[in-house]
Amino acid sequence: MNYKILFGSYPIPRFAGIASHNFVVMCDETGRPLFEINGGASNADGSFNYCAIRGPLTAVVTDYAHRDLRCYPEFYVRPTSVTSLLLEGSYSSIATHWRAAVELAERIRQSDLRYSFLLQNSNSVATAVTEAMGLTPPLSAVGRVKAPGSYRRLALNAA
């Protein structure tokens, strides 16, 4: 079996499950999550703001070996989350793609971008992270209603 990179969507209950929170996850050969990248807003103390309507835009890399839900969200393990396979391969192949995702997540964290529910949010981050790996988000998981912000390009300064 191979390692995998998955694109996930969590239907947001507050919006009757119509709008979703998108994320990206890396799983081992058994399907167990190793790492997950979520975008969103951060609180002043750096913790993840699950109920954001504004604030600094962030990208958080969750390491499932060191779990802390206050700072590192986990959406892959929620029963209503759905995923689509983006890439499957050897550990070294998947790790190379994942490094590109983690590097972009760090650039997003260091940026001065602001969170906006409709324009620049978790879905924008998931799309940008996926594209940084040279992959394409699944059409079933993006859209202006299904995933607000998923078409929004993040204006990051060139590194």
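Structure shown above.
The structure contained in this document is the topic of the report that follows. (Residues numbered from 1 in each chain as written. Predicted model: local features only at pLDDT ≥ 70, side-chain atom pairs only at ≥ 80, totals over all residues. Heavy atoms only, no water.)

**Let's talk about the side chain of N49**
Then, number 1: Relative to the elements of secondary structure, N49 occurs in strand β4 (residues 48–49).
Then, number 2: A polar side-chain atom of N49 sits 3.1 Å from a polar atom in the side chain of N43.
Then, number 3: For N49, the contacting residues outside a window of four places in its chain are A41, S42 and N43. (Helix = DSSP H or I, 4+ residues; strand = E, 2+ residues; numbered from the N terminus. Polar contact = N/O pair within 3.5 Å; in protein donor to acceptor, adjacent residues only side chain to side chain. Contact = heavy atoms within 4.5 Å.)

**A look at helix α2 (residues 122–132)**
Working note: α-helix, 3.6 residues per turn, so residues spaced by three or four point in the same direction.
Then, number 1: α2 sits mainly inside the fold: nine of its 11 residues count as buried.
Then, number 2: Measuring from the backbone nitrogen of N123 back to the side-chain oxygen at the start of α2 gives 2.8 Å, which picks out N121 as the cap.
Then, number 3: A positive phi of about 80° marks G134, the residue just after α2. (Buried < 20%, exposed > 50% of the residue type's maximum accessible area, 1.4 Å probe, protein only.)

**Re the packing of aromatic side chains**
Then, number 1: For the structure on display, the rule yields five aromatic pairs.
Then, number 2: Between Y10 and F75, the aromatic rings sit 5.2 Å apart at their centres with planes inclined by 55°, giving tilted as the arrangement. Highlighted residues: Y10 in strand β1 (residues 3–11) and F75 in the loop between β5 (54–63) and β6 (82–89), separated in sequence by 65 residues.
Then, number 3: Under the relative-accessibility criterion, Y10 is labelled buried at 13%.
Then, number 4: Using a relative accessible area of 5% as the deciding quantity, one classes F75 as buried.
Then, number 5: When the centroid spacing of 6.3 Å and the interplanar angle of 45° are considered together, the rings of Y50 and F75 count as tilted. Remark: F75 occurs in the loop between β5 and β6 and Y50 occurs in the loop between β4 and β5; sequence separation between them is 25 residues.
Then, number 6: An aromatic cluster is defined as three or more aromatic residues linked by ring pairs; in this entry it consists of Y10, F23, F48, Y50 and F75.
Then, number 7: Lying over the aromatic face of Y10, R78 brings its terminal NZ or CZ to 4.8 Å of the ring centre. (Phe/Tyr/Trp six-rings, centres within 6.5 Å; stacked < 30°, edge-to-face > 60°. Lys NZ or Arg CZ within 6 Å of the ring centre and 35° of its normal.)

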